[in-house]
Amino acid sequence: MKDYFVNCLKTNDLKGLVEIPKSDLHNHATRGGNIRAIRNNCDTLPKRVFCDLNAMQNWYEEHVKPYCIGKIGFENRIRAAFKQAFDDGITILSMSFGLGDSGFYDGDINAYINAIESIKLETAPSITFIPEISFMRTENIKPVEAEFEKIIEFDYFKSIDLFGDDRKSVENYKSIYRRAKEKGYILKAHVGEFGDAESVQRAVDVLELDQVQHGIAASKSKSVMKWLEKNQIQLNICPSSNIMLQRAESYKKHPIAELFYNGIPVTINSDDMIIFDQSVSQEYLNLYNHGSLSAEDLNIIREIGLKSCLDY
Ligand SMILES: [Zn+2]
């Protein structure tokens, strides 16, 4: 498979890359689909850059949300995300779901989980799926703790993530992450996208993270990179997302290469396909075509993703 993958990159063969097993470990379910599956004859592609997360959210509210109203719209977005992963040859998919979307099922978590599972079985039965529950950073942690206790009872989700402004402290999430650890969850959080290198090390340390969503700011500190390498903390990186949100200058100058060459396990992922419009296969090609990483190193990264969740 290695030779075929390397050859596909060198010959710019996107169709071939799609056939090769890959992981996507940083994928927000309701934003993971192809916009063309949501909007017929869509001619409105994203602006190439957003000045911040608010600008990105505004674009989403204007160009996606009106086409996905209510429970049916929610299920269409989830279906599009599973279909996108399946069509792109993703074999291991960790996809995150917000607890708020259980509101489409009147807060009935069992009905919410059943909907996710039946859409997965109908759309992408062969994919190894790691359901992930994600929480928005908030100061008021008590209701979140109670909600998480309810989630645990269903024994469905296998991974936990935290998103929102990653410059905020994660200290108040410690109890939830300890509980998730007890239950064998994969522990992840968005950090080091807008925040600094030290915030990555701090979040990993406080929450005992196994993997970091983004984490690219770590490249600004030799000591943080050394620490991540020593502890083999995996960074699930999304190059197009970082470029469009102006967290990286270009594919060529994207910090993924420096992080990889410093011995940190990295993976390549899609983040929000519906906004950034680049599949995982395209992300590999983008990095190769712009001279960021060699085809052989990109294959090592592909293998890191496939191996990293085998124990779960
Ligand atoms: Zn993300």
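Scope of this entry: the structure provided in the associated data block. Keep in mind that this is a model prediction, so the values were computed, not measured.

Parameters and conventions
Residues numbered from 1 in each chain as written. Predicted model: local features only at pLDDT ≥ 70, side-chain atom pairs only at ≥ 80, totals over all residues. Heavy atoms only, no water. Helix = DSSP H or I, 4+ residues; strand = E, 2+ residues; numbered from the N terminus. Rg over C-alpha atoms; globule rule 2.2 N^0.38 Å. Buried < 20%, exposed > 50% of the residue type's maximum accessible area, 1.4 Å probe, protein only. Contact = heavy atoms within 4.5 Å. Areas by Shrake-Rupley, 256 points an atom, 1.4 Å probe, with all protein chains shown as cover. Lys, Arg positive; Asp, Glu negative; His and termini not counted. Charge placed at Lys NZ, Arg CZ, Asp CG, Glu CD. Expected span 1.5 Å × (residues − 1). Donors = N, O, S within 2.8 Å, 3.2 Å for Na, K, Ca; no water. Tetrahedral: all angles 85-135°; square planar, octahedral: opposite > 155°, others 65-115°. Polar contact = N/O pair within 3.5 Å; in protein donor to acceptor, adjacent residues only side chain to side chain. Axes fitted to C-alpha atoms, helices over the stretch in contact; angles between N-to-C directions. Parallel < 35°, antiparallel > 145°, perpendicular 65-115°, else oblique. Left-handed = near helix turned anticlockwise from the far one by under 90°. Nonpolar A, V, L, I, M, F, W, Y, C, P; charged D, E, K, R; others polar. Pairing = 2+ DSSP bridges. Right-handed = clockwise from strand over helix to strand, strands pointing away. Phe/Tyr/Trp six-rings, centres within 6.5 Å; stacked < 30°, edge-to-face > 60°. Lys NZ or Arg CZ within 6 Å of the ring centre and 35° of its normal.

### Considerations on the overall build of the protein chain
- Within the protein chain one finds 15 helices and eight strands.
- Its C-alpha radius of gyration of 18 Å places the protein chain within 12% of the 20 Å reference for a compact globule of 312 residues.
- Taking the principal axes of its C-alpha atoms as reference, the protein chain extends roughly 50 × 50 × 40 Å.
- Looking at the 312 residues of the protein chain, the share that counts as buried comes to 57%.
- A fraction of 75% describes how many contacts in the protein chain between residues 6 or more apart in sequence connect residues 24 or more apart.
- Here the protein chain has roughly 13400 Å² of accessible surface; of this, 49% comes from carbon and sulfur atoms.
- Within the protein chain, one finds 37 positive and 45 negative side-chain charges whose respective centroids are separated by 2 Å.

### Points about helix α5 (residues 70-87)
- Spanning 18 residues, α5 covers 26 Å between terminal C-alpha atoms, matching the ideal 26 Å at 1.5 Å per step.
- Taken together, the buried positions of α5 are occupied by Gly73, Phe74, Glu75, Arg77, Ile78, Ala80, Ala81, Phe82, Gln84 and Ala85.
- Those residues of α5 hidden inside the fold are in contact with α3 (35-38), α4 (53-63), β2 (90-98), α6 (109-123), β3 (128-136) and α13 (273-276).
- Remark: glycine 89 follows α5 within two positions and exhibits a positive phi of approximately 75 degrees.

### Here's the deal with the coordination of the zinc ion
- The coordination sphere of the zinc ion contains the protein donors His26 (NE2), His28 (NE2), His190 (NE2) and Asp271 (OD), at a distance range of 2.1 to 2.4 Å.
- Coordination at the zinc ion is irregular, judged from the four donor atoms that bind it and the angles of 83 to 175 degrees they form at the metal.
- The sequence pattern describing where the donors of the zinc ion fall on their chain is H-x1-H-x161-H-x80-D. You can see histidine 26 sitting in strand β1 (residues 22-28) and its partner aspartate 271 sitting in the loop between β8 (266-268) and α13, a full 245 residues away along the chain.

### Looking at the environment of glutamine 232
- Here glutamine 232 is to be found in the loop between α10 (222-231) and β7 (234-237).
- In this structure the C-alpha to C-alpha distance between glutamine 232 and glycine 263, which are 31 residues apart in sequence, comes to 8.1 Å.
- Apart from the residues lying within four places of it in its own chain, the contact partners of glutamine 232 are Gly263 and Pro265.
- There is a polar contact of 3.1 Å between the side chain of glutamine 232 and the backbone oxygen of glycine 263.

### Regarding the packing of helix α9 (residues 197-207) against α10
- Following both chains from N to C, one finds α9 and α10 inclined at 30 degrees, their axes separated by 9 Å at the closest point. The angle between the axes of α9 and α10 places the two elements in the roughly parallel class. For the element pair α9 and α10, the recorded crossing hand is left-handed. Listed contacts from α10 to Ala197, Glu198, Val200, Gln201, Val204 and Asp205 of α9 are Val224, Trp227 and Leu228.
- Its residues assigned to classes, the contact of α9 with α10 comprises six nonpolar, one polar and two charged.

### Concerning the pairing of strand β4 (residues 159-163)
- Across the five residues that make up β4, a large majority, four, are buried.
- Where β3 meets β4, five bridges bridge the pair, whose relative direction is parallel. In the strand pairing of β4, glutamate 132 is matched with serine 159.
- Handedness of the β-α-β unit built from β3, helix α7 (residues 142-153) and β4 comes out right-handed.
- Two strands pair when backbone bridges link them, and β4 and strand β5 (residues 186-191) are joined in this way by two bridges, in the parallel orientation. Paired with isoleucine 160 across the two strands is leucine 187, which belongs to β5.

### A short note on helix α15 (residues 295-308)
- With 14 residues, α15 extends 20 Å between its outermost C-alpha atoms, agreeing within 8% with the 20 Å of an ideal straight helix rising 1.5 Å per residue.
- Most of α15 is tucked away: ten of the 14 residues are buried.

### Concerning the packing of aromatic side chains
- On inspection of all chains with the given rule, the structure shows twelve aromatic pairs.
- Judged by centre distance (5.8 Å) and plane angle (90 degrees), the rings of phenylalanine 135 and phenylalanine 148 are edge-to-face. With phenylalanine 135 in strand β3 and phenylalanine 148 in helix α7, the pair connects residues that are 13 residues apart, well separated along the chain. Of the two residues, phenylalanine 135 and phenylalanine 148, neither departs from the other in class, the shared state being buried.
- Each member of the aromatic cluster is reached from another via a ring pair, and the members are Phe74, Phe104, Tyr105 and Tyr112.
- Above the face of the tyrosine 60 ring, arginine 31 is positioned so that its terminal group lies 3.9 Å from the ring centre.
- A cation over a ring is seen here: arginine 302 above phenylalanine 5, with NZ or CZ 5.0 Å from the ring centre.

### What to know about the packing of helix α14 (residues 280-289) against α15
- Relative to each other, α14 and α15 sit at 150 degrees, their axes nearing to 10 Å. What the angle tells us is that α14 and α15 run roughly antiparallel. The hand of the α14/α15 crossing is right-handed. Facing α14, whose interface residues are Tyr284, Leu287 and Tyr288, α15 presents Ala295, Leu298, Ile301 and Arg302.

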